[in-house]
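Listed below are the residues making up each chain.
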Amino acid sequence: MSILLTGFYGLMRLGELVNPDDRKLRDDRKIIKSSSVTFHDDFYEFILPSCKNDQLFEGNKIVIKTITDHIDPLLTFKAYFEE
């Protein structure tokens, strides 16, 4: 659920959220590092190291804000991250 909400609210592509089953197709430069995740009171953020539209290979900061009237992505991601 956490990955789904992060992808939805972060406007991310599926390939940015998961790794291919085939090990030959995996690229370690595209993996989101847990050390880049930062939690705040009303949002969390992380660095997406590489994506399809990042022509300069600088990475992108993804910020996901808490939502009070729907399923809160911040609470689900904290629960997922602490496992």
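The coordinates are above.
Since this is a predicted model, take the numbers as computed values, not measurements. (Residues numbered from 1 in each chain as written. Predicted model: local features only at pLDDT ≥ 70, side-chain atom pairs only at ≥ 80, totals over all residues. Heavy atoms only, no water.)

Participant: So what exactly am I meant to see when it comes to the overall build of the chain here?
Facilitator: Per the secondary structure count, the chain includes 3 helices and 3 strands. N-terminal to C-terminal, the α/β element order of the chain is α-α-β-β-β-α. Its C-alpha atoms give the chain a radius of gyration of 13 Å, near enough to 12 Å, the size a compact globule of 83 residues would have. Over its C-alpha atoms, taken along the principal directions, the chain stretches across nearly 40 × 25 × 20 Å. With 83 residues in all, the chain has 29% of them scored as buried. Taking contacts inside the chain between residues at least 6 apart in sequence as the whole, the part at least 24 apart equals 44%. (Helix = DSSP H or I, 4+ residues; strand = E, 2+ residues; numbered from the N terminus. Rg over C-alpha atoms; globule rule 2.2 N^0.38 Å. Buried < 20%, exposed > 50% of the residue type's maximum accessible area, 1.4 Å probe, protein only. Contact = heavy atoms within 4.5 Å.)

Participant: Mind showing me how you'd approach the nonpolar core here?
Facilitator: The tendency in soluble globular proteins is for nonpolar side chains to be buried side by side. Counting 10 residues, the largest nonpolar core is built from Met12, Val37, Tyr44, Phe46, Leu48, Cys51, Ile62, Ile64, Leu74 and Phe77. Counting only elements with at least two residues in this core, the list comes to strand S2 (43-48), strand S3 (60-65) and helix H3 (73-82). Sorting elements by how many residues they give to this core places S2 first, with 3 residues. (Core = buried A, V, L, I, M, F, W, Y, C linked by side-chain atoms within 4.5 Å.)

Worth remembering: the numbers are spatial, not functional.
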